[in-house]
Amino acid sequence: MDKQSILAAMVSPLCSWYELNKRDFPWRKSRDPYRVWVSEIMLQQTRTTAAIPYYERFLQELPTVFALAEAPEEKLLKLWEGLGYYSRVRNMQKAAQKVVADYGGTFPKDAQLLSKLPGIGVYTAGAVASIAYGLPEPAVDGNVLRVLARLFCDEADILLPETKNRAHRELKEVYPMAKDCSDLTQGLMELGATVCLPGGAPKCDECPLAHLCEAKKAGMAEKLPVRNSKKEKKEVKRTVFLLEYEGEIALCRRPKTGVLSGMWEFPAAEEHLTAKKAKQQLSLWGGAEESAPFLSHKHVFTHLVWDMKSYRAQMKEKDESFFWVTKEKLSEEIPLPSAMQPFFRALSKETDTKN
Ligand code: SF4
């Protein structure tokens, strides 16, 4: 069978299967484009089960696009704490402000216009257009690419943009055949997430498309898709300082551009400092009553790894160039990036044990 015949024959069984087998997620209870959009942004880089409490809290605090457009940045970042990639939520606010200013608070019913909003690419525009508005617009993510590579027994590298663009074009042709384009988009995603699993473990016996699948026929299902390995991540060495003074801890802002731009973090040096050099650094901040090596931790970003050592220090004086906060305030009000969380958790645990 050629690709278009497989896709045309796929639409109806896949949509029926989705209706019967879809998992019960809070974002599936509504087709409000705001809710669909929030869930799609959150689910990029976050597992579905982990995203549920974040989604519920976010919607409870910011139930409408108007509320998001007006929210203070610290509140937004706190709601996003732990999800990482904070530029996503900053872009969400910019997009919400544009939806309010240019469209009176209603997301446009047009994938082209949606894709012009900050932080919304072709994938998210297709997801919102099809899931919320039922428009014939595909949303091609890694799950969908895997399903298609196997259905077609296609050995093209799914990490290449042209493979994704081609999949989008091919799917777009069959979208008008679906009774409900929302079911087609979600059916493809759901099949990839629950049946046509990654890591060489598809459950072909449970698959509604097994009769169409060329990879299954050829015994290739476990070998596909092809993903040529990405570049090695760059590793950056850092020394993090947990500076304490009379029950407060020092924070500083990251630069306005680059990794975790504008976020709070613990003061740090961009290298692994020896004990002697760490002491010299502490003396520049007023000197320490006592200091000792603390936790080491590696944090992995998309293209980068931070290899971090740390020192904990009781300072002799309060260097006013830092922002000093109590641990309670840091825990409850200040958004702290995931890269810094292990240090704060270890510090809080040690303090609790001593008390
Ligand atoms: Fe994936 Fe197997 Fe279904 Fe083919 S038959 S689409 S490999 S689960």
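Look up: the structure comes first, before these words.
Conventions used here
Residues numbered from 1 in each chain as written. Predicted model: local features only at pLDDT ≥ 70, side-chain atom pairs only at ≥ 80, totals over all residues. Heavy atoms only, no water. Core = buried A, V, L, I, M, F, W, Y, C linked by side-chain atoms within 4.5 Å. Buried < 20%, exposed > 50% of the residue type's maximum accessible area, 1.4 Å probe, protein only. Near = heavy atom within 4 Å. Nonpolar A, V, L, I, M, F, W, Y, C, P; charged D, E, K, R; others polar. Axes fitted to C-alpha atoms, helices over the stretch in contact; angles between N-to-C directions. Helix = DSSP H or I, 4+ residues; strand = E, 2+ residues; numbered from the N terminus. Parallel < 35°, antiparallel > 145°, perpendicular 65-115°, else oblique. Contact = heavy atoms within 4.5 Å. Phe/Tyr/Trp six-rings, centres within 6.5 Å; stacked < 30°, edge-to-face > 60°. Salt bridge = Lys/Arg side-chain N within 4 Å of Asp/Glu carboxyl O. Pairing = 2+ DSSP bridges.

A.B. asks: What exactly am I supposed to notice about the nonpolar core here?
C.D. replies: Soluble, globular proteins show a tendency: their nonpolar side chains are buried together. Membership of the largest hydrophobic core comes to 103 residues, with the highest contact counts inside it found for Met10, Tyr34, Trp37, Phe58, Leu151, Leu171 and Phe266. Formed by 14 residues, the second largest nonpolar core is a distinct cluster that contains Leu243, Ala250, Leu273 and Leu282.

A.B. asks: How should the site of the ligand be read in this particular structure?
C.D. replies: Every residue near the ligand is listed here: Arg150, Val195, Cys196, Pro202, Cys204, Cys207, Ala210, Cys213, Lys216 and Ala221. Here the residues of the shell around the ligand sort into 8 nonpolar, no polar and 2 charged.

A.B. asks: Just checking my understanding: could you explain the packing of helix 1 (residues 3-21) against helix 11 (residues 181-194) for this structure?
C.D. replies: When two helices pack together, their arrangement is given by the angle between the helix axes and by the axis-to-axis distance. Orientation of helix 1 relative to helix 11, taken along the N-to-C sense of each, is 70 degrees, at an axis distance of 8 Å. When the axis of helix 1 is compared with that of helix 11, the two are roughly perpendicular. Mapping the contact onto sequence places Met10, Val11, Leu14, Cys15, Trp17, Tyr18, Glu19 and Asn21 in helix 1 and Asp183, Leu184, Gln186, Gly187, Leu188, Glu190, Leu191 and Thr194 in helix 11. Residues of the contact of helix 1 with helix 11, tallied by class, amount to 9 nonpolar, 4 polar and 3 charged.

A.B. asks: Looking at this structure, how should I read the packing of aromatic side chains?
C.D. replies: Geometry of an aromatic ring pair is reported as the spacing of the ring centres plus the angle between the planes. On inspection of all chains with the given rule, the structure shows 12 aromatic pairs. Taking the centre distance of 5.4 Å and the plane angle of 80 degrees together, the rings of Trp27 and Tyr55 count as edge-to-face. Note that Trp27 is positioned in the loop between helix 1 and helix 2 (33-43) and Tyr55 in helix 3 (residues 48-61), a separation of 28 residues in sequence. Owing to a relative accessible area of 3%, Tyr55 belongs among the buried residues under this scheme. An angle of 65 degrees between the planes, with centres 6.4 Å apart, marks the rings of Tyr245 and Trp324 as edge-to-face. Pair noted here: Tyr245 is in strand 1 (residues 234-245) and Trp324 is in strand 8 (residues 323-326), with a separation of 79 residues, a long-range link. According to the relative accessible area criterion, Tyr245 is partly exposed, its value standing at 21%.

A.B. asks: Which parts of the structure should I look at to understand the pattern of salt bridges?
C.D. replies: Should the charged atoms of two oppositely charged side chains come close, the side chains can pair. Under the definition given, this model contains 26 salt bridges. Note that Glu190 is salt-bridged to Arg28, the shortest N-O span being 2.8 Å. Placement of the pair is Glu190 in helix 11 and Arg28 in the loop between helix 1 and helix 2, with a sequence separation of 162 residues. Two residues, Glu137 and Lys172, come together in a salt bridge whose shortest N-O distance is 3.0 Å. Within this pair, whereas Glu137 is found in the loop between helix 8 (122-133) and helix 9 (142-152), its partner Lys172 is found in helix 10 (residues 161-174), the two being separated by 35 residues in sequence. For Glu137, a relative accessible area of 17% puts it in the buried group. On the accessibility criterion, Lys172 (35% relative accessible area) is partly exposed. Here the salt bridges do not stand alone but share partners, grouping Lys3, Asp154, Arg166 and Glu170 into one network.

A.B. asks: Looking at this structure, I do not really get the pairing of strand 2 (residues 248-253). What am I missing?
C.D. replies: On a regular strand, each side chain points to the face opposite its neighbour's, so the side chains alternate between the two faces of the sheet. The element strand 2 is extensively covered by neighbouring structure, given that 5 of its 6 residues are classed as buried. Looking at chain direction, strand 1 and strand 2 are connected through 2 bridges and run antiparallel. The partner of Glu244 across the bridge, within strand 2, is Ile249. Counted between consecutive antiparallel strands, the loop separating strand 1 from strand 2 contains 2 residues, among which Glu246 sits at a positive phi close to 45 degrees. Sheet analysis places strand 2 next to strand 8, joined by 4 bridges and oriented antiparallel. For Leu251, the partnering residue across the bridge sits in strand 8 and is Phe323.

A.B. asks: How should the environment of Cys207 be read in this particular structure?
C.D. replies: In this structure, Cys207 sits in the loop between helix 11 and helix 12 (214-218). Residues Cys207 and Ala125 lie 82 residues apart in sequence; the distance between their C-alpha atoms is 28 Å. Beyond its immediate sequence surroundings of up to four residues, Cys207 is in contact with Leu191 and Val195.

A.B. asks: Got a minute to help me understand the environment of Phe66 in this structure?
C.D. replies: Residue placement: Phe66 occurs in helix 4 (residues 65-70). Here Phe66 falls in the partly exposed class, since its relative accessible area comes to 39%.

A.B. asks: Can you help me understand the pairing of strand 5 (residues 288-293) in this one?
C.D. replies: With 0 of 6 residues buried, strand 5 lies mostly on the surface of the structure. Across 5 bridges, the pairing between strand 5 and strand 7 (residues 304-315) is antiparallel. From the neighbouring strand, Ser291 faces strand 7, where its bridge partner is Ala313.

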